[in-house]
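# Per-entry structural report
In case you want the letters, here they are:
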Amino acid sequence: INRNIEPIDLVNSCYLIGKDERISDILCLNPSISRQHAVIQFRLISKMNIEGDYSEIVKPYIMDLDSTNGTFLND
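To start, this report covers the structure provided alongside it. Not measured: the values here are computed from a predicted model.

Reading the values: the criteria
Residues numbered from 1 in each chain as written. Predicted model: local features only at pLDDT ≥ 70, side-chain atom pairs only at ≥ 80, totals over all residues. Heavy atoms only, no water. Buried < 20%, exposed > 50% of the residue type's maximum accessible area, 1.4 Å probe, protein only. Helix = DSSP H or I, 4+ residues; strand = E, 2+ residues; numbered from the N terminus. Pairing = 2+ DSSP bridges. Phe/Tyr/Trp six-rings, centres within 6.5 Å; stacked < 30°, edge-to-face > 60°. Lys NZ or Arg CZ within 6 Å of the ring centre and 35° of its normal.

### Concerning the pairing of strand 1 (residues 14–18)
A large share of strand 1 lies buried, amounting to four of its five residues. Examined bridge by bridge, strand 1 and strand 2 (residues 26–27) share two bridges and lie parallel to one another. From the neighbouring strand, Gly18 faces strand 2, where its bridge partner is Leu27.

The following block contains the structure:
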């Protein structure tokens, strides 16, 4: 386990993951990663509770960009 990884400040609504240094927001230099592998997108979700009040949360979504080896989450 590499413990020298620095945290990323998440200020954008989406981040491109890949090994193309010119355009990737999260650079992964692994042979199994495609140049434009996947994107993480953050979406604002509104929900109404029983009392009729709305609450908002931000949920992350990951989408594979037709990568060679696919994108997997939790196995």
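### Regarding the packing of aromatic side chains
For the structure on display, the rule yields one aromatic pair. Between Tyr15 and Phe42 the ring centres are 6.3 Å apart and the planes differ by 85°, which places this aromatic pair in the edge-to-face class. Here Tyr15 is found in strand 1, whereas its partner Phe42 is found in strand 3 (residues 38–48), with 27 residues between them in sequence. On the basis of relative accessible area, Tyr15 is assigned to the buried category, the value being 5%. By relative accessible area, Phe42 is classed as partly exposed at 22%. Over the aromatic face of Tyr61 sits the side chain of Arg43, whose NZ or CZ is 4.2 Å from the ring centroid.

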